[in-house]
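Observations on the model geometry
Given next are the chains, with one letter for each unit.
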Amino acid sequence: MDAALLLEYGWVLLVLIALEGILAADNALVMAVMVKHLPDDQRKKALFYGLAGAFVLRFGSLFLISFLVEVWQVQAIGAIYLLFISINHILKKFVFKKDRHNQKERKESGFWGTVIKVELADIAFAVDSILAAVALAVTLPETALPTIGGLDGGQFLVILAGGVIGLIIMRFAASFFVALLQKRPSLETAAFAIVGWVGVKLSLYTLAHPDINLIDKHFIESATWKLIFWIILAGIAIAGWFLSKDESDKPESEEERMIEEAEHR
């Protein structure tokens, strides 16, 4: 590669790292809210399985990208799933309120169910991540490197590098979000609202697919839509932060103390 080509590839790689970092943070947030209810040892295992699944699925998607680009149903399933878990949480939280102790008993037995949910979310984010990365990388000039997974070798390596860095970011972001949600439990609702908003984004991308064409693809790819998306996402996060309370120093209630003691027997 000559200097100009290396510079162009290097710039796109930096942009891709930023993009993958944002998508990895979204993925990590979903994992955090899903495993939050588990005991500490199970939570760590669930996060490990979630990160391993994200790794396998992202790289699997990278090799299957030529197939995935044409199958809008994959994105549709991911969008529906993210919307479902978001709406389901909000309805249970504010509409179908349940006794806290009963919720605790139900959640304690849900380790493998939680792992399956995390892996399903990983599928949605893997497709979203790879499609976004490919859309950026295919604008690069082709190189003399052999084709891999239906992509030019140079383009493939740029996407691969961005994906690896995104997974590293996800590893640390997931732990951070778990700690944050433990410290501010009421942020959980805002987190699920963000998950739902990401589901809306995936839904619009699906509706803009050439086989459906209900939404103008140019609008989905425009700076206007991206600005709308990030302003609303930031608004949800900021509102959730200011409406939540730091409960790290809050004394435990008698009910919480009894539940904690029962867990350690």
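Read on for a plain summary of the structure.

Here we look at the environment of K36
- With respect to the secondary-structure elements, K36 resides in the loop between α1 (3–35) and α2 (40–63).
- Separated by 11 residues in sequence, K36 and L47 place their C-alpha atoms 9.9 Å apart.
- Setting aside residues up to four positions removed in sequence, K36 forms contacts with R43, L181, P185 and E188.

Side note on the packing of aromatic side chains
- Summed over the entire model, instances satisfying the criterion amount to 10 aromatic pairs.
- Between F111 and W112, the ring centres sit 4.9 Å apart and the planes meet at 75°, which makes this aromatic pair edge-to-face.
- The class of F111 is buried, set by a relative accessible area of 11%.
- Judged by centre distance (5.7 Å) and plane angle (15°), the ring pair of W197 and F229 falls under stacked. Note that W197 is positioned in helix α8 (residues 187–207) and F229 in helix α10 (residues 223–243), a separation of 32 residues in sequence.
- Using a relative accessible area of 14% as the deciding quantity, one classes W197 as buried.
- Here the aromatic cluster, defined as three or more aromatic residues joined through ring pairs, consists of W197, F219, W225, F229 and W230.
- Between R184 and the ring centre of W241, over which it is positioned, the NZ or CZ distance is 3.9 Å.

Quick word on the side chain of D122
- Inspection of the secondary structure assignment puts D122 in helix α6 (residues 111–137).
- We classify D122 as buried; its relative accessible area is 1%.
- What D122 contacts, discounting residues up to four positions off in sequence, is N27, M31, G50, G53, A54 and L57.

Digging into the pattern of salt bridges
- Taken as a whole and assessed by the stated rule, the structure comprises 2 salt bridges.
- Between D40 and R43 there is a salt bridge, and its shortest N-O distance comes to 3.1 Å. Placement of the pair is D40 and R43 together in helix α2, with a separation of 3 residues, close to one helical turn.
- Among the salt bridges present, the one from K44 reaches D40, with a minimum N-O distance of 3.5 Å.

As for the packing of α2 against helix α7 (residues 153–183)
- Relative orientation of the contacting elements α2 and α7 amounts to 160°, with a least axis distance of 11 Å. Considering the angle they form, α2 stands roughly antiparallel to α7. Our pair here, α2 against α7, has a crossing hand that is right-handed. Of the residues in α7, those in contact with R43, L47, L51, A54, F55, R58, F59, L62 and F63 of α2 are F156, I159, L160, V164, L167, M170, R171, A174, V178 and Q182.
- Residue classes in the contact of α2 with α7 are distributed as 15 nonpolar, 1 polar and 3 charged.

Here we look at the nonpolar core
- Ranked by size, the top nonpolar core spans 63 residues in total, and within it L82, I159 and M170 carry the most contacts.
- Elements supplying a minimum of two residues to this core: α1, α2, α4 (72–94), α6, α7, α8 and α10.
- Per-element accounting of this core gives the leading share, 13 residues, to α1.
- When near neighbours in sequence (up to four residues on either side) are disregarded, M170 contacts A24, N27, A28, M31, L51, A54 and R58.

Regarding α2
- For α2, built from 24 residues, the straight-helix expectation of 34 Å at 1.5 Å per residue is met to within 8% by its first-to-last C-alpha distance of 35 Å.
- Buried within α2 are the following residues: R43, A46, L47, G50, L51, G53, A54, R58, F59, S61 and L62.

Cut-offs and rules
- Residues numbered from 1 in each chain as written.
- Predicted model: local features only at pLDDT ≥ 70, side-chain atom pairs only at ≥ 80, totals over all residues.
- Heavy atoms only, no water.
- Helix = DSSP H or I, 4+ residues; strand = E, 2+ residues; numbered from the N terminus.
- Contact = heavy atoms within 4.5 Å.
- Phe/Tyr/Trp six-rings, centres within 6.5 Å; stacked < 30°, edge-to-face > 60°.
- Buried < 20%, exposed > 50% of the residue type's maximum accessible area, 1.4 Å probe, protein only.
- Lys NZ or Arg CZ within 6 Å of the ring centre and 35° of its normal.
- Salt bridge = Lys/Arg side-chain N within 4 Å of Asp/Glu carboxyl O.
- Axes fitted to C-alpha atoms, helices over the stretch in contact; angles between N-to-C directions.
- Parallel < 35°, antiparallel > 145°, perpendicular 65-115°, else oblique.
- Left-handed = near helix turned anticlockwise from the far one by under 90°.
- Nonpolar A, V, L, I, M, F, W, Y, C, P; charged D, E, K, R; others polar.
- Core = buried A, V, L, I, M, F, W, Y, C linked by side-chain atoms within 4.5 Å.
- Expected span 1.5 Å × (residues − 1).

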